[in-house]
Amino acid sequence: MPREHLGNIVFELTQACNQCCRFCYNYWRDGSTPLPPPDPGKVRRTLRKLLGQADVGTLSFSGGEPMLLKNIHDLALYARFRGTAVNVLTNGTLLTPQALQNFVSIGIGAIQIPVLSHNPEVHEYLTQLPHSWSKATDALRRTAESLPCGAYAVLVITKVNAPDVPQTLDLIYSLGVRNVMVNRFNIGGMGLRHTAELVLDRKTLARAFADVETFAAAHPDMHFVSGVCTPLCVMDTTPYRHIRFAWCSTDFSRRPVAVSYTGDVRFCNHSPVVIGNIYERPIGEILSDPATLGRYASIPERCSDCRLLKICNGGCRAASEQVYGTFGEADPILDY
């Protein structure tokens, strides 16, 4: 059987995490779901199974918190030997100097670490983990020193930290970081319990991104990308010329697919819907299944006559799966 060629997979090493972020989108993180401890052996078997079925351009190690895996460096090295680039999406609190140096030696492409505010109290209110601000900012500073092109700060903008955006970007710049992923709060997971205090109204959302645009225009050595697709009827992105916006494609060959440590395959790491398991069927067969393709070809009725639909696709439809139980609805931010 010919091997599948996939550009990007988010590989979830564990559901466990040492933080309990109020904005967390992981569908299993609802405040009541028990979180299983990491299973290094299971993760290793699933990674080998996955790379035995497909040539993967980039694997993004995620979770939960991937640094809870004691064998994460062995997993990264195995993937690198198979010709796959590896990124790590971590909260930074467990990224010790030695762990970072091991990643650099392996040839990690990028490390993403959230910095949610210049104010430690605001950051730790959102992460619900004491001392997480100092650990995250220190880890990001060290990453920028050791991996200057691969250090990414992640700023999740909520109603709580939106007023801090300019000062937070000043902090990120002072840490030596030149790549920033700036995402608005996306409803799901733990965020479902905190939507009222976190979700941004249109005016606040536009003001926050205007602050990012002002900072980006004044710092041409920095690069900004927004990865959470926002419906264009909620926020017109044309004024923000220095921010690269991404919208989700339903074409599996052009989008990052999520694979869990158990082998479950999902549309993305925000989606709760399992479309197959690589221990039961090869991932290429799962992604080409007519029933799956039909599921993700649906168009939200409220967007059907919109001339912008081909660009934004109705926003984050995986959030719709969490909130409404269907991919056929537009992004739930429209109802806020």
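Refer to the preceding data block for the structure.
Note that the structure is a prediction, hence the values are computed from the model and not measured. (Residues numbered from 1 in each chain as written. Predicted model: local features only at pLDDT ≥ 70, side-chain atom pairs only at ≥ 80, totals over all residues. Heavy atoms only, no water.)

**Some words on the overall build of the chain**
For step 1, the next point in the chain: Scanning the chain from N- to C-terminus turns up twelve helices and eleven strands.
For step 2, the next point in the chain: Since a compact globule built from 336 residues should have a radius of gyration of about 20 Å, the 19 Å found for the chain is in line with a globular shape.
For step 3, the next point in the chain: C-alpha extents for the chain along the principal axes are approximately 55 × 50 × 40 Å.
For step 4, the next point in the chain: Residue burial in the chain is summarised as follows: out of 336 residues, 55% are buried.
For step 5, the next point in the chain: Residue pairs in contact within the chain that sit at least 24 positions apart in sequence constitute 70% of those at least 6 positions apart.
For step 6, the next point in the chain: Counting only carbon and sulfur atoms, one obtains 53% of the accessible surface of the chain, whose full area is about 14100 Å².
For step 7, the next point in the chain: Distance from the positive charge centre (32 side chains) to the negative charge centre (30 side chains) of the chain: 3 Å. (Helix = DSSP H or I, 4+ residues; strand = E, 2+ residues; numbered from the N terminus. Rg over C-alpha atoms; globule rule 2.2 N^0.38 Å. Buried < 20%, exposed > 50% of the residue type's maximum accessible area, 1.4 Å probe, protein only. Contact = heavy atoms within 4.5 Å. Areas by Shrake-Rupley, 256 points an atom, 1.4 Å probe, with all protein chains shown as cover. Lys, Arg positive; Asp, Glu negative; His and termini not counted. Charge placed at Lys NZ, Arg CZ, Asp CG, Glu CD.)

**A few points about the environment of Asp-264**
For step 1, the next point in the chain: Mapped onto the fold, Asp-264 is located in strand S10 (residues 264-266).
For step 2, the next point in the chain: Separated by 19 residues in the primary sequence, Asp-264 and Ile-283 have C-alpha atoms spaced 9.6 Å apart.
For step 3, the next point in the chain: Filtering out sequence-adjacent residues up to four positions away, Asp-264 remains in contact with Ala-258, Val-259, Val-274, Gly-276 and Asn-277.
For step 4, the next point in the chain: A polar contact is formed between the side chain of Asp-264 and the side chain of Asn-277, at a distance of 2.8 Å. (Polar contact = N/O pair within 3.5 Å; in protein donor to acceptor, adjacent residues only side chain to side chain.)

**Examining helix H6 (residues 165-174)**
For step 1, the next point in the chain: Turning to H6, its buried residues are Val-165, Thr-168, Leu-169, Leu-171 and Ile-172. The buried residues of H6 occupy an angular sector of 155° when projected down its axis, which confines them to one face.
For step 2, the next point in the chain: Structurally, H6 contributes buried residues whose contacts are with helix H5 (132-146), strand S5 (151-157), strand S6 (179-184), helix H8 (202-218) and strand S7 (223-226).
For step 3, the next point in the chain: Just downstream of H6, Gly-176 is the residue with a positive phi angle, here 90°. (Arc of directions from axis to C-beta.)

**Describing the sheet that holds S7**
For step 1, the next point in the chain: Read across the sheet, eleven strands follow the order S8-S7-S6-S5-S4-S3-S2-S1-S9-S10-S11 without closing on themselves; strand pairing throughout is mixed. The outermost strands of the open sheet, each flanked by one partner alone, are strand S8 (243-245) and strand S11 (274-277). Direction aside, neighbouring strands of the sheet carry axes that sit 25° apart on average.
For step 2, the next point in the chain: Taken together, the two bridges between strand S9 (residues 257-260) and S10 define a ladder with antiparallel strand orientation. Bridge pairing links Val-259 to Val-265 in S10. (Pairing = 2+ DSSP bridges. Axes fitted to C-alpha atoms, helices over the stretch in contact; angles between N-to-C directions.)

**Quick look at a nonpolar patch on the surface**
For step 1, the next point in the chain: A grouping of Leu-192, Val-323 and Tyr-324 is seen on the molecular surface, where their side chains present a nonpolar patch of about 220 Å² in accessible area.
For step 2, the next point in the chain: With respect to the helices and strands, the residue Leu-192 is situated in the loop between S6 and helix H7 (195-198).
For step 3, the next point in the chain: Using a relative accessible area of 41% as the deciding quantity, one classes Leu-192 as partly exposed. (Patch = residues over 30% accessible without salt bridge, like charges linked within 9 Å, V, L, I, M, F, W, Y side chains within 5 Å. Salt bridge = Lys/Arg side-chain N within 4 Å of Asp/Glu carboxyl O.)

**Things to note about helix H4 (residues 120-127)**
For step 1, the next point in the chain: Those residues of H4 not exposed but buried are Val-122, His-123, Leu-126 and Thr-127. Angularly, the buried residues of H4 cover 125° about the axis, an arc narrow enough to put them on a single face.
For step 2, the next point in the chain: Its buried side turned inward, H4 meets strand S4 (110-114), H5 and H7.
For step 3, the next point in the chain: Between the side-chain oxygen at the start of H4 and the backbone nitrogen of Glu-121 there is a gap of 2.9 Å, and the oxygen is on Asn-119.
For step 4, the next point in the chain: Backbone geometry just after H4 places Gln-128 at a positive phi near 60°.

**Brief notes about the environment of Gly-189**
For step 1, the next point in the chain: With respect to the secondary-structure elements, Gly-189 resides in the loop between S6 and H7.
For step 2, the next point in the chain: The buried category is assigned to Gly-189, whose relative accessible area is 2%.
For step 3, the next point in the chain: Separated by 163 residues in sequence, Gly-189 and Asn-26 place their C-alpha atoms 4.9 Å apart.
For step 4, the next point in the chain: Excluding residues that lie within four positions of it along the chain, Gly-189 makes contacts with Cys-24, Tyr-25, Asn-26, Tyr-27, Arg-29, Asp-30 and Gln-322.

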